[in-house]
Amino acid sequence: PQFVYVQTLTKGDVFGLAQCLFCDQPSLCVVSNGADCLILNKKFFLDHCSSDLIRRLRVEVSPYPSEEKLQEDYVTRINWDVYKTALRREMHAGKRASVS
C-alpha cells in the first residue's frame, strides 16, 4: 500500500465529517502516533444532527481532494523525489571529478 499525505490533524480537529457531508469522497484512514479518538457512528451522527448544523458544517468543512487529484499529487511527489536523487548523484559525481 502507498500512503498519500492529505492533512495533519491537531488537537480539536475532526476526521470523517467530509464523508458525511459531501458526495464522492475518497476512502481515507488516519495514521496516528497514539492520539486519543472519539468514534461516532456516521448514521447515528446524521440521524441526530440538526439540518441547521449540517448546513453550517458544509460551509466550515472542506471536502477532501478527489482520488484523481490525490493520485496526481502522489505521482508528482514520486517524480520530484526521483529528480532530486538523480540531481544529487550528478552533483556528487561532479564534485569527485573536479577534485581529481
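Conventions and cut-offs
- Residues numbered from 1 in each chain as written.
- Predicted model: local features only at pLDDT ≥ 70, side-chain atom pairs only at ≥ 80, totals over all residues.
- Heavy atoms only, no water.
- Core = buried A, V, L, I, M, F, W, Y, C linked by side-chain atoms within 4.5 Å.
- Buried < 20%, exposed > 50% of the residue type's maximum accessible area, 1.4 Å probe, protein only.
- Helix = DSSP H or I, 4+ residues; strand = E, 2+ residues; numbered from the N terminus.
- Contact = heavy atoms within 4.5 Å.
- Patch = residues over 30% accessible without salt bridge, like charges linked within 9 Å, V, L, I, M, F, W, Y side chains within 5 Å.
- Areas by Shrake-Rupley, 256 points an atom, 1.4 Å probe, with all protein chains shown as cover.
- Salt bridge = Lys/Arg side-chain N within 4 Å of Asp/Glu carboxyl O.
- Domains from an automatic or database assignment.
- Buried area = accessible area lost by both parts, 1.4 Å probe.
- Polar contact = N/O pair within 3.5 Å; in protein donor to acceptor, adjacent residues only side chain to side chain.
- Nonpolar A, V, L, I, M, F, W, Y, C, P; charged D, E, K, R; others polar.

Where an unreviewed UniProt entry is consulted, the protein appears under the name Cyclic nucleotide-binding domain-containing protein, with the organism given as Elysia chlorotica.

Engineer: Lay out the nonpolar core with the relevant residues and their values.
Structural biologist: Core analysis: the biggest nonpolar cluster contains 10 residues, these being L17, A18, L21, F22, F45, C49, I54, L57, V61 and Y64. Looking at this core, the elements that each hand over two or more residues are helix 1 (17–21) and helix 3 (51–60). Per element, the largest residue contribution to this core is 3 residues, and it comes from helix 1. Dropping the residues within four chain positions of it, Y64 is found in contact with V6, Q7, F15, G16, A18, Q19, Q25, P26 and L28.

Engineer: Summarise a nonpolar patch on the surface; cite the residues concerned and give the values.
Structural biologist: Among the surface-exposed residues, W80, Y83, L87 and M91 lie close enough to one another that they form a single nonpolar patch of about 430 Å² accessible area. One can find M91 in helix 4 (residues 67–99).

Engineer: Describe the domain arrangement of the protein, listing the residues and the values that go with them.
Structural biologist: Domain annotation for the protein reports domain 1 (1–64) and domain 2 (66–99). Each of domain 1 and domain 2 has a C-alpha centre, and the two are 33 Å apart. The interface of domain 1 with domain 2 comprises 8 residues on the first partner and 5 residues on the second. Here domain 1 and domain 2 share an interface that buries about 500 Å² over both sides, 66% of which is from carbon and sulfur atoms. Our enumeration of links across domain 1 and domain 2 arrives at 0 salt bridges. At the boundary of domain 1 with domain 2, the tally comes to 0 residue pairs in polar contact (both at pLDDT 80 or more). Class assignment for the residues of the side of domain 1 that touches domain 2 results in 6 nonpolar, 2 polar and no charged.

Engineer: Describe the pattern of salt bridges, naming the residues involved and giving the relevant values.
Structural biologist: This structure, assessed with the given rule, holds 6 salt bridges. Linking D81 and K84 is a salt bridge whose minimum nitrogen-to-oxygen distance equals 3.6 Å. With D81 and K84 both in helix 4, this residue pair falls 3 residues apart, about one helical turn. Accessibility expressed as a relative area gives 28% for K84, which makes it partly exposed. One salt-bridge network, held together by shared partners, links R77, D81 and K84.

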